[in-house]
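Chain residues, written in single-letter form:
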Amino acid sequence: AALHREPAPSRLRDWPILDYDALALQVNADLFAEWLPQLEPDMSMNEAALARWEIERDALIEQAIGFPRDFGLRDYHAENLLWLPERKGHARIGLLDFQDAVNGWDGWEMAMLVQDARRHVTADASEAAIAAYLDGTGKPREAFEMRLAVCGALNALRITGLFARLPVRDGKQRYLEFMPRQQALLVRNLEHPACAGMAAFVRDVAPFLFERHK
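All of the points below concern the structure found in this document. In this text the structure is predicted, and so the values were computed from the model without any measurement.

For Leu 186, the position within the fold is in helix α6 (residues 179-190). Separated by 33 residues in sequence, Leu 186 and Ala 153 place their C-alpha atoms 5.8 Å apart. Once residues within four sequence positions are removed from consideration, Leu 186 is found in contact with Phe 32, Ala 153, Ala 156, Leu 157, Thr 160 and Leu 209.

Given below as structure tokens:
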């Protein structure tokens, strides 16, 4: 909320602050279609499914690109946050990986924070964070929740694909322990009406995701 009350900088040290654009979203989301079938043989991804994937992926991206922009770390989750109690005010919160900062969206940042891929965030903690953010920015909840679902779905597709690639390609089996949580987060985001097209697609090609996380 403090970051989003301030004008976004044009540069951060030596790095220009660029828009998180459609191409970056596309490349990231495509990890889902490319790698999850290699981990989950029950997932059906033939040529017709791939063509439909591109339509639904682009529909989600088009929604995101139309959202108001906010300065974002892009990888805003617990492992990139440091508590520095010797400091005062907001300076007590240290941020890592700030070189990846972009002009992104509030929904993306909050999805990274309250939908953490590696650790459980309780419903109470998630609601407290969202309420504090909305109180601190004065943004209306309904529109924010739509942005959170769309950005959260795109992010969850990305991470689900990434967590499939890591054990399949790189032999990093420990990421499989995070997969149930990540798939549940994807299903939760797809339940929002703004994600209906992608939800229908995933139900058709990977119905087991919804069956596992009813």
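Secondary-structure assignment places Asp 116 in the loop between α3 (106-114) and α4 (123-137). A polar contact of 3.4 Å, which involves the side chain of Asp 116, links it to the backbone nitrogen of Ala 78. Of note is the side chain of Asp 116, whose polar atom sits 3.3 Å from the backbone nitrogen of Arg 119. What Asp 116 contacts, discounting residues up to four positions off in sequence, is His 77, Ala 78, Ala 111, Val 121, Arg 181 and Leu 185.

Taken as a whole, the largest pocket spans an internal volume of roughly 680 Å³. Those elements that provide at least two residues to the lining of the largest pocket are β4 (81-83), β5 (93-95), α3 and α4. With four residues, α3 is the single largest residue contributor to the lining of the largest pocket. Looking at side-chain class alone, the lining of the largest pocket contains 15 nonpolar, three polar and four charged residues. Val 114, Gln 115, Ser 126, Leu 148 and Arg 188 are the residues nearest the centre of the second largest pocket, which is lined by 21 residues in total. Secondary-structure elements contributing two or more residues to the lining of the second largest pocket are α4, α5 (141-170) and α6. Among the elements that line the lining of the second largest pocket, the one with the most residues is α6, at five residues.

Here we come to the packing of aromatic side chains. Taken as a whole and assessed by the stated rule, the structure comprises eight aromatic pairs. Between Tyr 133 and Phe 144, the aromatic rings sit 5.6 Å apart at their centres with planes inclined by 35°, giving tilted as the arrangement. With Tyr 133 in helix α4 and Phe 144 in helix α5, the pair connects residues that are 11 residues apart, well separated along the chain. Among the residues examined, Tyr 133 registers a relative accessible area of 7% and is labelled buried. Given the relative accessible area of 0%, Phe 144 is considered buried. Grouping aromatic residues by their ring pairs yields a cluster made of Tyr 20, Trp 105 and Trp 108. A cation over an aromatic ring shows up here: Arg 74 above the ring of Tyr 20, its NZ or CZ 5.2 Å from the ring centre.

Cut-offs applied
- Residues numbered from 1 in each chain as written.
- Predicted model: local features only at pLDDT ≥ 70, side-chain atom pairs only at ≥ 80, totals over all residues.
- Heavy atoms only, no water.
- Helix = DSSP H or I, 4+ residues; strand = E, 2+ residues; numbered from the N terminus.
- Contact = heavy atoms within 4.5 Å.
- Polar contact = N/O pair within 3.5 Å; in protein donor to acceptor, adjacent residues only side chain to side chain.
- 1 Å grid on protein atoms, 1.4 Å probe; cavity = no way out; pocket = protein on both sides within 12 Å on 5 of 7 lines; lining within 4 Å.
- Points joined across faces, edges and corners; volume = space filled by probe spheres on them.
- Nonpolar A, V, L, I, M, F, W, Y, C, P; charged D, E, K, R; others polar.
- Phe/Tyr/Trp six-rings, centres within 6.5 Å; stacked < 30°, edge-to-face > 60°.
- Buried < 20%, exposed > 50% of the residue type's maximum accessible area, 1.4 Å probe, protein only.
- Lys NZ or Arg CZ within 6 Å of the ring centre and 35° of its normal.

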